[in-house]
Amino acid sequence: MSDATTRTAAVIPAAGRGVRLGPGAPKALRALNGTPMLIHAVRAMAASRAVSLVVVVAPPDGAAEVKTLLADHALPERTDILVVPGGATRQESVKLGLDALPPGVDIVLVHDAARPLVPVDTVDGVIEAVRDGAVAVVPALPLADTVKEVAPVQDAAPGTPEPVVATPERSRLRAVQTPQGFDHDTLVRAHRTVTDDVTDDASMVEQLGLPVVLVPGHEEAFKVTRPLDLVLAEAVLARRRATDGF
Ligand code: CTP
Ligand code: MG
């Protein structure tokens, strides 16, 4: 695919509740330094000159509120924005976002609203790898923690000791982030074909038997999941303001 003729769109699933963050508004609508997480995430996608369309997948009953939020915040003029209501699972929400894409989109990024601070260089690196011919590209980082596999314990009370069954070699593991980038037709086919519950889009492409490649992720592309992540995200924004002046 040549640079001049490809059209790249980003789908942002933002329909989750944010149960692990605790009670409050849907996670994507909560503020980081006064600006909703979703706005940061849309700006992060629109920061890439290659991205000409952003599809925001809003909480099922929150599409009107999300449209108002988007209208109230400055976003680059060159980027078109669509809002669609999401579904009960992340996978369903992504599918609803894909369904809303107009004809002519060649490359699709899928980016969690919950990763509001991904740097534009990471976004561009993913797009470039798809342009270079990969059908599925995932930004990823080595793990800091060793990971243990445990045996499932049925109906155990929280805190019950869990038996360890294996310790995968840490150097062979990667923690994956978003935006994940795809050849459009491949991702659409994956979403039509795979019905298992999955937590990332690339694993659906793996299930089709197609190759998925990793490119370097970034520590600022971490997912806001638990309350401490909000503290970290605001610290990153404060550091950016101190170093970039905005
Ligand atoms: N997501 C979505 N639709 C859902 C569930 C999740 O669009 N039905 C989105 C979230 O809004 C988020 C991304 O998928 O941007 C990653 O999911 P996660 O971090 O798990 O967010 P939540 O599901 O909102 O959080 P939790 O699992 O703690 O409830
Ligand atoms: Mg979730």
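As a starting point, this report considers the structure included with it. (Residues numbered from 1 in each chain as written. Chains lettered and ligands numbered in written order. Predicted model: local features only at pLDDT ≥ 70, side-chain atom pairs only at ≥ 80, totals over all residues. Heavy atoms only, no water.)

1. A look at the nonpolar core
Within the largest apolar cluster, 32 residues are counted, with the highest numbers of intra-cluster contacts made by I12, L38, M45, V54, V56, V66 and L109. Of all the secondary structure elements, the ones that give two or more residues to this core are β1 (8-13), α1 (37-46), β4 (51-58), α2 (63-72), β6 (107-110) and α4 (120-131). Counting residues per element, this core draws most heavily on α1, which supplies six residues. With near-sequence residues (within four places) excluded, L38 lies in contact with I12, A14, A28, L29, V56, V66 and A113. By size, the runner-up hydrophobic cluster in this structure holds 22 residues, among which are A9, V11, V57 and L101. (Core = buried A, V, L, I, M, F, W, Y, C linked by side-chain atoms within 4.5 Å. Buried < 20%, exposed > 50% of the residue type's maximum accessible area, 1.4 Å probe, protein only. Helix = DSSP H or I, 4+ residues; strand = E, 2+ residues; numbered from the N terminus. Contact = heavy atoms within 4.5 Å.)

2. Examining the pairing of β1
In terms of burial, β1 is a largely internal element, six of the six residues being buried. A two-sided burial pattern is seen for β1, the buried positions comprising T8, A10 and I12 on one face and A9, V11 and P13 on the other. When β1 meets β6, the two strands line up parallel, connected through four bridges. Note that in β6 the partner of A10 across the bridge is L109. (Pairing = 2+ DSSP bridges.)

3. Thoughts on helix α5 (residues 184-193)
Among all positions of α5, only H184, T186, L187, V188, A190 and H191 are buried. In the core, the buried residues of α5 are packed alongside α3 (90-99), β6, β11 (180-183) and α6 (202-207).

4. Focus on empty space enclosed by the protein
All told, the structure shown has one cavity of 30 Å³ or more when counted by the stated rule. Empty space within the largest cavity amounts to approximately 40 Å³. Looking at the largest cavity, the residues that line it are R90, Q91, V198, T199, D200, D201 and M204. Residues of the lining of the largest cavity, tallied by class, amount to two nonpolar, two polar and three charged. (1 Å grid on protein atoms, 1.4 Å probe; cavity = no way out; pocket = protein on both sides within 12 Å on 5 of 7 lines; lining within 4 Å. Points joined across faces, edges and corners; volume = space filled by probe spheres on them. Nonpolar A, V, L, I, M, F, W, Y, C, P; charged D, E, K, R; others polar.)

5. Side note on the layout of surface pockets
The calculated volume of the largest pocket comes to roughly 780 Å³. Forming the boundary of the largest pocket are 29 residues, of which R20, K27, R90, D112 and K223 lie nearest the centre. When the residues that make up the lining of the largest pocket are grouped by side-chain class, the tally is ten nonpolar, ten polar and nine charged.

6. Considerations on the site of ligand 1
Lining the immediate surroundings of ligand 1 are 18 residues, of which P13, G18, V19, S93 and K223 lie closest. Here an oxygen atom of ligand 1 and a backbone polar atom of G18 are 2.9 Å apart. One of the side-chain N or O atoms of K27 is found 2.9 Å from an oxygen atom in ligand 1. For ligand 1, the protein covers 87% of the area, taking 560 Å² as the surface of the free molecule. Spatially, ligand 1 is embedded in the largest pocket. Its residues assigned to classes, the shell around ligand 1 shows seven nonpolar, five polar and six charged. (Near = heavy atom within 4 Å. Polar contact = N/O pair within 3.5 Å; in protein donor to acceptor, adjacent residues only side chain to side chain. Areas by Shrake-Rupley, 256 points an atom, 1.4 Å probe, with all protein chains shown as cover. Sits in = over half its atoms within 2 Å of the grid points.)

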